Amino acid sequence: MDPTAWQLWLIAAIVLGAMEIKLSGFVTLWFAVGALMASLMAGAGLGINSQLLVFTLVSAALFGASRTLFKNVFMRDAVHLKTGAEAMLGQEAVVMEALVDGHGGTVRINGELWMARSLSGPLPEGERVTVEQIEGLKLWVRRPSASHEVALRPARQKKENVGWD
């Protein structure tokens, strides 16, 4: 007894469904649903071209809609987690080596030492500062109470900074 087209599509749906259980990421699930729909079309007597078209359309539509669906339904209350350098902006650091105009110094933030420059004049060792900008491996900091009148430096400048490049 040879298997018919609807049975082959059903086997494909079961195999893809089993793969979805074993794998993660909701990828093969949509192809399993597409194969199940193609099985129904084969059972209804449609030709192979119609079956392939239904499989492709259903799988692609579900695959494309799944990101939007999951983002809107499951991630609607999720908070964007800042990591790396992005997480340091606005954070407080402690001056470990005095920040002197033209020479900079060192600050400690999140247990790490970073080279830093001051946007609010010289800063003594031990003072708490706020990270305002990150330029490569340098932090631009200011006193938390300092006014924000001093403009932040552009990201790229000539290499005239003594000992900083």
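Residues numbered from 1 in each chain as written. Predicted model: local features only at pLDDT ≥ 70, side-chain atom pairs only at ≥ 80, totals over all residues. Heavy atoms only, no water.

Looking at an unreviewed UniProt entry, one finds the chain named NfeD family protein, with Corallococcus macrosporus as its source organism. Regarding the chain, the UniProt comment filed under Subcellular location (unreviewed entry) reads as follows: "Membrane". (UniProt positions renumbered as here; feature names shortened; annotations may be inferred.)

**A few points about the environment of Ile-109**
With respect to the secondary-structure elements, Ile-109 resides in strand β2 (residues 104-109). Exposure remark for Ile-109: the relative accessible area of 1% places this residue in the buried category. Note: C-alpha distance between Ile-109 and Val-129 (20 residues apart in sequence) is 9.9 Å. Sequence-distant contacts of Ile-109, defined by excluding residues within four places in its chain, comprise Met-88, Gln-91, Glu-92, Ala-93, Trp-114, Val-131 and Leu-139. (Helix = DSSP H or I, 4+ residues; strand = E, 2+ residues; numbered from the N terminus. Buried < 20%, exposed > 50% of the residue type's maximum accessible area, 1.4 Å probe, protein only. Contact = heavy atoms within 4.5 Å.)

**A short note on a nonpolar patch on the surface**
Among the surface-exposed residues, Leu-8, Ile-11, Val-15, Met-19 and Leu-23 lie close enough to one another that they form a single nonpolar patch of about 440 Å² accessible area. Structurally, Val-15 can be placed in helix α1 (residues 5-22). Residue class for Val-15 comes out partly exposed when judged on its relative accessible area of 44%. (Patch = residues over 30% accessible without salt bridge, like charges linked within 9 Å, V, L, I, M, F, W, Y side chains within 5 Å. Areas by Shrake-Rupley, 256 points an atom, 1.4 Å probe, with all protein chains shown as cover. Salt bridge = Lys/Arg side-chain N within 4 Å of Asp/Glu carboxyl O.)

**Description of the sheet that holds strand β1 (residues 92-100)**
Taken in spatial order, the five strands close into a barrel running β1-β2-β3-β5-β4, and their pairing is mixed. Sheet twist, expressed as the mean angle between neighbouring strand axes with direction ignored, is 50°. Sheet topology places strand β4 (residues 128-135) next to strand β5 (residues 138-142); five bridges connect them, and they run antiparallel. Among the inter-strand pairings, Ile-134 is bridged to a residue of β5, identified as Leu-139. (Pairing = 2+ DSSP bridges. Axes fitted to C-alpha atoms, helices over the stretch in contact; angles between N-to-C directions.)

**Observations regarding the packing of aromatic side chains**
Considering all chains together, one arrives at three aromatic pairs under this definition. Ring centres of Trp-9 and Phe-55 lie 5.2 Å apart, and the angle between their planes is 35°; on these two criteria the pair is classed as tilted. Taken as a pair, Trp-9 in helix α1 and Phe-55 in helix α3 (residues 48-74) lie far apart in primary sequence, 46 residues in all. The class of Trp-9 is buried, set by a relative accessible area of 13%. Three or more aromatic residues joined by ring pairs form one cluster here, namely Trp-9, Phe-31, Phe-55 and Phe-63. (Phe/Tyr/Trp six-rings, centres within 6.5 Å; stacked < 30°, edge-to-face > 60°.)

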